[in-house]
Amino acid sequence: MTDADLLRSLGVDPSQLDPAPPWAPCLSAGAARLDGNHPCVGCGQPARATGVVTVPGSGRRWLDRCMPCLIATTPRGGPRAPLTDTLAVLREAAREAGATVTVRTDEP
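Here the structure is a predicted model, which is why all the values come from computation and not from measurement. (Residues numbered from 1 in each chain as written. Predicted model: local features only at pLDDT ≥ 70, side-chain atom pairs only at ≥ 80, totals over all residues. Heavy atoms only, no water.)

Engineer: Help me understand the environment of A20, please; the structure alone is not making it clear to me.
Structural biologist: With respect to the secondary-structure elements, A20 resides in the loop between helix 1 (3-10) and helix 2 (27-33). Residue class for A20 comes out buried when judged on its relative accessible area of 13%. Sequence separation between A20 and G36 is 16 residues, and the spatial gap between their C-alpha atoms is 18 Å. Here A20 is in contact with V52, R60, R61 and W62, once residues within four sequence places are set aside. (Helix = DSSP H or I, 4+ residues; strand = E, 2+ residues; numbered from the N terminus. Buried < 20%, exposed > 50% of the residue type's maximum accessible area, 1.4 Å probe, protein only. Contact = heavy atoms within 4.5 Å.)

Engineer: How do you make sense of helix 4 (residues 83-97) when you look at a structure like this?
Structural biologist: In an α-helix, one turn spans 3.6 residues, which is why side chains three or four residues apart end up on the same side. Here helix 4 contains 15 residues, and its C-alpha end-to-end distance of 21 Å stays within 8% of the 21 Å for a straight helix at 1.5 Å per residue. Once helix 4 ends, the next one or two residues include G98, with phi positive near 75°. (Expected span 1.5 Å × (residues − 1).)

Engineer: Looking at this structure, how should I read the pairing of strand 1 (residues 49-55)?
Structural biologist: Consecutive side chains along a regular strand alternate between the two faces of the sheet. Judged from the seven bridges that link them, strand 1 and strand 2 (residues 59-65) form a sheet pairing that is antiparallel. Residue pairing across strands places V52 opposite W62, the latter belonging to strand 2. Linking two consecutive strands that pair antiparallel, namely strand 1 and strand 2, is a turn of three residues; a positive phi of about 90° is found at G57 within it. (Pairing = 2+ DSSP bridges.)

Engineer: Honestly, the nonpolar core in this entry has me stumped. Any pointers?
Structural biologist: It is characteristic of soluble globular proteins that their nonpolar side chains tend to be buried jointly. Counting residues in each nonpolar core, the largest one holds eight residues, listed as L6, L7, L10, V12, L17, V53, V55 and L63. Elements supplying a minimum of two residues to this core: helix 1 and strand 1. The biggest single contributor to this core is helix 1, with three residues. Once residues lying within four places of it in the same chain are set aside, the contact partners of L63 are L6, L7, L10, L17, V41, A49, T50, G51 and V53. (Core = buried A, V, L, I, M, F, W, Y, C linked by side-chain atoms within 4.5 Å.)

Engineer: Mind showing me how you'd approach the side chain of T73 here?
Structural biologist: Assignment of secondary structure puts T73 in the loop between helix 3 (67-72) and helix 4. In contact with T73, other than residues within four places in its own chain, are M1, L6, S9, L10 and R65.

Engineer: Can you walk me through the pattern of salt bridges in this structure?
Structural biologist: Working definition: two side chains of opposite charge can pair if their charged atoms are close together. As enumerated under the stated definition, the model contains four salt bridges in all. Of the charged contacts in the structure, one is a salt bridge between R8 and D5, with a shortest N-O distance of 2.4 Å. Remark: D5 and R8 occur in helix 1; sequence separation between them is three residues, near one turn of the helix. On the basis of relative accessibility, which here comes to 54%, the residue R8 falls in the exposed class. Judged by relative accessible area, D5 falls into the partly exposed class, the value being 31%. When the shortest N-O distance is used, the salt bridge between R33 and D18 registers 3.0 Å. On the criterion of sequence distance, the pair formed by R33 in helix 2 and D18 in the loop between helix 1 and helix 2 is long-range, its members being 15 residues apart. On the basis of relative accessible area, D18 is assigned to the partly exposed category, the value being 35%. Put simply, D18, R33 and D64 are held in one network by salt bridges that share partners. (Salt bridge = Lys/Arg side-chain N within 4 Å of Asp/Glu carboxyl O.)

Structure below.
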């Protein structure tokens, strides 16, 4: 997942994030952000984790998240099934449940 993908999944406009230093942030700079004064970009709760994302046009920005939002947006390892396979499983489950579904993706 790219930084832009991560921000999109959180529904975050990168221009709304605090600018981060132009160099790799030292541990103390990140730790200082976790003082309870920075809300999670996902839900607004106090941030318990922070990092830096780089987005073209916005530069380096701090990304503050609470633990549930961090876990929800952290890519998991392991092989991924092709999107077509995943959609086939969802469609079959909906058919078995007697539900009508519309699946929308941003992939062609």
